[in-house]
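Chain by chain, the residues:
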Amino acid sequence: MPFGYSGNILHVNLSTKDTWIEHPKEIFYRTYWGGRALALYYMLDQMKPHTDPFSPDNLLIFAPGVLTGTPAPAMPRYTVCAKSPLTGAQGEAEAGGWWGPELKKAGFDAIVIKGSSSAPVYLWIKDGQVEIKEASHLWGKETSMTQRLIREELADDKIRIAQIGPAGENLVRFANIVNELKHFNGRNGLGAVMGSKKLKAIAVRGSKLLNIYNLEKVREIAQQISRRIMDNPLSNDLRNLGTPATVRPLYEAGCLPSYNWTTGYFQEGEALTAETLNKTILKGTKGCYACPIRCKRVVEVDESGLKVDPAYGGPEYETIASLGSLCGVSDLNYVAKANELCNKYTMDTISTGMVIAFAMQCCEEGLLTKEDTGEVELTFGNKKAVLEMIEKIAHREGLGDLLSQGSYLAAQKMGKGSEKFIHQVKGQEIPMHETRIKTGVGLSYALSDYGADHMKAPHDPFFKDKDSVGLKEMKGLGILEPVSPTDIEEKKVVLFKLLDIYWTVFDILGVCDFGYVPRSLGTMEELLEIIRSTTGWKTTWFELMKLGERSINMARVFNYREGFTSKDDTLPEVFFHNFKGGPLDGQGAINKEDFQKAVRLRYQLMGWNPDSGIPTPAKLIELDLEWLIEKDK
Ligand code: SF4
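All values reported here derive from a predicted model rather than from experimental measurement.

A. Local environment of the overall build of the protein chain. In terms of regular secondary structure, the protein chain is built from 25 helices and 18 strands. The C-alpha extent of the protein chain, read off along each of the three principal axes, is 60 × 60 × 55 Å. Among the 633 residues that make up the protein chain, the fraction classed as buried is 64%. Contacts in the protein chain between residues at least 24 apart in sequence constitute 68% of all its contacts with a sequence separation of at least 6. Of the roughly 22,000 Å² that the protein chain leaves accessible, carbon and sulfur atoms contribute 50%. Taken together, the 75 basic and 81 acidic charged side chains of the protein chain have centroids lying 3 Å from each other.

In structure tokens form, the structure reads like this:
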């Protein structure tokens, strides 16, 4: 068994209630490592194309990385993969928190789940032992109650639980999975896949020490990075203001997504800033396993008629924009309440805000009536209506049933020209980052395997001038010259090819994007040394970048088999038009032809067919993926 791994992959068949443990060889681990790459191996090897995401044949895979649970800073993450019910593509979401490290300590490198149970169950995994337990008494319960009941039942309040709430059980297509009530595998509707399998939760407890090649060295580097993080302005911002720090610069520049993307100008933006949050509802901060940054907010509201439970954490930037400005809401107390509701029902806050803002615009345009909304006044700015719609979506009542399908399917069903008001890539609602001021993010949205995602690559401003942290710290990747955030020329395409692969490596290893360059000051050299000291492998960034590229090609092959084409690698129409209102009024449109040229160049740089975007046999051979060519014959 290689260092860094337990050598055990748990397989569970929920239809037959069988479990068994696979012990892969070292060559398997060295090829696929963990996280999304390992999960994609099983999805490609064991799932037939066109499997219904809600059928028992869809696989649901939980995969930490080789670094997950090591004492190095910001290594808490694990990936969940399945075919997504929201996009029909490869589905994927990473979460931090505590569950991934605990699974490693319980003696498993990953869990591969297939089949579906006839009645609700949960998995109980403790130090290498696995039980499938009855969960009818938990079905329908919100997440904090479920966590409490499982911990009481198993008489251990240190158990870590990944679970779904009612939205996952009700197959809301953007339901997510949560651990510790506030760390989410947020996107792609993977909670609905868990619901379709009648799997309420996976409870884990482990006491095994991780099998680390040179623990002393990992500890030494961890201390070195932690000291630097404490003094570093990038990490300080994250600790003091969290991701809501993003609100102020965007609203001041006039590019905070507002009123369903009809403008970036939100006059009441000050009310949504991190500084306002800190002054009003912040109760404390929290972090993930072994991370000194502690970027997570904990908020509390205790007013008559509006209470927000701090057990559910607090809103991130994405949530403040999607359930705030995007819906025209400027009351942080209500945004915090909306966040709490999404968390207890397990719904992705980005997609939730997006479908509600879409419905608000449909109401304003006369495409939906009060009869359709069940008498809810669905107008921009109506903060109570946002809360009402969250309830309806989670329980699939009235209009909530239609919106629970995600905006793409909802608009298809609704027709009447409503498609103009959705903003998605491959069926997934776009996150709250404006690609007109960050075209590299636009490329990442368009080319993402699992629909628009803001965590595919570091954002353009980290590379905008010679003093930017990306330029100072990432020369080892060949990043030598600054590129303007709004440029969409060749250099931008080359840069974002590298950056997409670089952050994909983080997803495979279990590393939080906020812990290392360019987002924080753990360096590429330190990260490499942590990997070497954990695994004992004399690896290099060359091997790691190939690993990232391998997983991107695997996802590409998966999607191609599902019928995705180059037409799906594009951006919502809104980004090809100028901003309306505010400081950027009349500016900013991305030139569509330039963007299409950039996508085509990216295909070529990746070694894909320049027209279809399909990986060539030569590229698959280069990446040790020739078995995928065989499978396609
Ligand atoms: S930086 Fe924040 S999200 Fe990342 S591991 Fe640390 S506390 Fe968790």
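B. Region of the structure containing the site of the ligand. Taken together, Ala 74, Pro 76, Gly 287, Cys 288, Cys 291, Ile 293, Arg 294, Cys 295, Lys 296, Cys 512 and Phe 514 are the residues near the ligand. In terms of residue class, the shell around the ligand is built from eight nonpolar, one polar and two charged.

C. Molecular detail of the pairing of strand E5 (residues 90-95). Counting buried positions over the six residues of E5 gives six, a clear majority of the element. Burial along E5 is two-sided: the residues Gln 90, Glu 92 and Glu 94 and Gly 91, Ala 93 and Ala 95 are all buried. With six bridges joining them, strand E4 (residues 78-83) and E5 adopt antiparallel strand pairing. Residue pairing for E5: Lys 83 is matched across the bridge by Gln 90. In textbook terms, the turn of a hairpin is the stretch between consecutive antiparallel strands, and for E4 and E5 this stretch comprises six residues, one of which, Gly 88, has a positive phi near 75°.

D. Structural context of the packing of aromatic side chains. Taken as a whole and judged by the stated rule, the model has 22 aromatic pairs. On the numbers, 5.9 Å between centres and 80° between planes, the contact of Phe 28 with Tyr 29 is edge-to-face. Residue classification places Tyr 29 among the buried positions, given a relative accessible area of 0%. Above the ring of Phe 579, the side-chain terminus of Arg 436 is found at 4.0 Å from the ring centroid.

E. Main features of the layout of surface pockets. The calculated volume of the second largest pocket comes to roughly 820 Å³. The wall of the second largest pocket is formed by 39 residues, among which Glu 419, Ile 422, His 423, Pro 572 and Glu 573 lie closest to the centre. Elements supplying a minimum of two residues to the lining of the second largest pocket: helix H17 (407-414) and strand E17 (424-425). Element by element, the count of residues in the lining of the second largest pocket is highest for H17, at four residues.

F. Seen up close, helix H20 (residues 490-509). If you check H20, its first and last C-alpha atoms are 29 Å apart, about what 20 residues at 1.5 Å a residue would give, namely 28 Å. Where burial is concerned, most of H20 is hidden: 17 out of the 20 residues are buried. Gly 510 sits one or two positions beyond H20 and adopts a positive phi of about 95°.

G. Spatial organisation of unusual backbone geometry. With an omega of 5°, the peptide bond between Val 517 and Pro 518 qualifies as cis. Assignment of secondary structure puts Pro 518 in the loop between H20 and helix H21 (524-535). Residues other than glycine seldom take positive phi values, yet Tyr 259 does so here, at roughly 45°. Among the structural elements, Tyr 259 can be located in the loop between helix H9 (247-253) and helix H10 (274-280). You can call Tyr 259 partly exposed: its relative accessible area is 23%.

H. Spotlight on the side chain of Thr 539. In this structure, Thr 539 sits in the loop between H21 and helix H22 (541-561). Polar contacts involving the side chain of Thr 539 include one to the side chain of Glu 543, which spans 2.7 Å. Contact partners of Thr 539, with chain neighbours within four places excluded, come to Arg 30, Trp 33, Leu 528, Ile 531, Arg 532 and Leu 544.

I. Summary view of the packing of helix H18 (residues 439-447) against H20. Close contact between H18 and H20 brings their axes to 10 Å; oriented N to C, the two are set at 55°. Classified by the interaxial angle, the pair formed by H18 and H20 is oblique. Like other packed secondary-structure pairs, H18 and H20 cross with a definite hand, here right-handed. Along the contact surface, H18 presents Thr 439, Gly 440, Val 441, Leu 443 and Ser 444, while H20 presents Lys 492, Val 493, Phe 496 and Asp 500.

Rules used throughout
Residues numbered from 1 in each chain as written. Predicted model: local features only at pLDDT ≥ 70, side-chain atom pairs only at ≥ 80, totals over all residues. Heavy atoms only, no water. Helix = DSSP H or I, 4+ residues; strand = E, 2+ residues; numbered from the N terminus. Buried < 20%, exposed > 50% of the residue type's maximum accessible area, 1.4 Å probe, protein only. Contact = heavy atoms within 4.5 Å. Areas by Shrake-Rupley, 256 points an atom, 1.4 Å probe, with all protein chains shown as cover. Lys, Arg positive; Asp, Glu negative; His and termini not counted. Charge placed at Lys NZ, Arg CZ, Asp CG, Glu CD. Near = heavy atom within 4 Å. Nonpolar A, V, L, I, M, F, W, Y, C, P; charged D, E, K, R; others polar. Pairing = 2+ DSSP bridges. Phe/Tyr/Trp six-rings, centres within 6.5 Å; stacked < 30°, edge-to-face > 60°. Lys NZ or Arg CZ within 6 Å of the ring centre and 35° of its normal. 1 Å grid on protein atoms, 1.4 Å probe; cavity = no way out; pocket = protein on both sides within 12 Å on 5 of 7 lines; lining within 4 Å. Points joined across faces, edges and corners; volume = space filled by probe spheres on them. Expected span 1.5 Å × (residues − 1). Polar contact = N/O pair within 3.5 Å; in protein donor to acceptor, adjacent residues only side chain to side chain. Axes fitted to C-alpha atoms, helices over the stretch in contact; angles between N-to-C directions. Parallel < 35°, antiparallel > 145°, perpendicular 65-115°, else oblique. Left-handed = near helix turned anticlockwise from the far one by under 90°.

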